[in-house]
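# Chains, contacts and geometry: an overview
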Amino acid sequence: LSMQNGISRKTFFMALILGFITISVLAAAGDSIINIIGNTYEKHTKMFYDSMYEQMYLYQSGTSISPKISDPTIFLMDFTMYITVSSLGVLIGALLYRLNRILKIIIPLSLWLIFQIGSVIILFIDFKFADNKIIEAFLKFIQWLEESVYHLTAVLPCIAVLLTAIAFLFVRRVPLNDNKK
């Protein structure tokens, strides 16, 4: 549609990225406000509220003791999570744009099945006995990400940039077909 109106793909893609950044900032701000309200009500009522940060870092050691982290840090973590998910959405959309009708059904279903089956398999595998160096390196990386929220906020923007660059490569030279149904 943008090509038909004389807007280049590069301009459209940059506007899309700026839109996702704006939406991510607003969503992170909303999540921060809900976090502040939830934590305030949690102190005075029997209601329990766990923010995304608390769900990821508060109970990882099996205790409810966690270092107090500032609200701007939680905002930054939320923003990087939202922008990474938005970049993944752009990549999936660009990939689906390039596929034919049959593959548009097969690939999302197969990815869903791989995720569902893979998550169950990961729960039952004891990685302590794995001799594979790639698995060991991956597990060390995941443990490093779980050590601090700052590690996560440093890695997620890199992943977002990589996903966005791959998505741009998918839509860069796509032929325009007005008769496509």
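Presented here is a report on the structure given in the accompanying data block. Computed from a prediction, not measured in an experiment: that's the story for all the values here. (Residues numbered from 1 in each chain as written. Predicted model: local features only at pLDDT ≥ 70, side-chain atom pairs only at ≥ 80, totals over all residues. Heavy atoms only, no water.)

Let us now look at the environment of A29. With respect to the element layout, A29 can be found in helix α1 (residues 9–44). Taking the C-alpha atoms as reference points, A29 and F79, 50 residues apart in sequence, are found 8.4 Å from one another. (Helix = DSSP H or I, 4+ residues; strand = E, 2+ residues; numbered from the N terminus.)

Okay, the packing of aromatic side chains next. One pass over the full model with this rule turns up two aromatic pairs. On the basis of an interplanar angle of 55° and a centroid distance of 5.2 Å, the ring pair of F13 and F168 is categorised as tilted. Of the two residues, F13 is situated in helix α1 and F168 in helix α6 (residues 149–171); the sequence distance between them amounts to 155 residues. (Phe/Tyr/Trp six-rings, centres within 6.5 Å; stacked < 30°, edge-to-face > 60°.)

Attention shifts here to the side chain of T80. Within the secondary structure, T80 sits in helix α3 (residues 71–98). In contact with T80, other than residues within four places in its own chain, are T153, L156 and P157. (Contact = heavy atoms within 4.5 Å.)

This part is about the nonpolar core. Among the nonpolar cores identified, the biggest contains nine residues, and these are Y53, I74, M77, M81, L145, V149, L152, V155 and L156. Every element with two or more residues in this core is listed here: α3 and α6. In terms of residue count, the dominant contributor to this core is α6 (four residues). Formed by seven residues, the second largest nonpolar core is a distinct cluster that contains V90, L91, A94 and L163. (Core = buried A, V, L, I, M, F, W, Y, C linked by side-chain atoms within 4.5 Å. Buried < 20%, exposed > 50% of the residue type's maximum accessible area, 1.4 Å probe, protein only.)

Geometrically, a packed helix pair is captured by the angle between its two axes and the distance between the axes. Where α1 meets α6, the axes come as close as 11 Å, and the angle between the chain directions of the two elements is 150°. Taken together, the axes of α1 and α6 lie roughly antiparallel to each other. Along this stretch, α1 crosses α6, giving a crossing that reads as right-handed. Between α1 and α6, the contacting residues are R9, K10, F13 and I17 on the first element and T164, A167, F168 and V171 on the second. (Axes fitted to C-alpha atoms, helices over the stretch in contact; angles between N-to-C directions. Parallel < 35°, antiparallel > 145°, perpendicular 65-115°, else oblique. Left-handed = near helix turned anticlockwise from the far one by under 90°.)

Treat this as a map of the structure, not an account of what it does.
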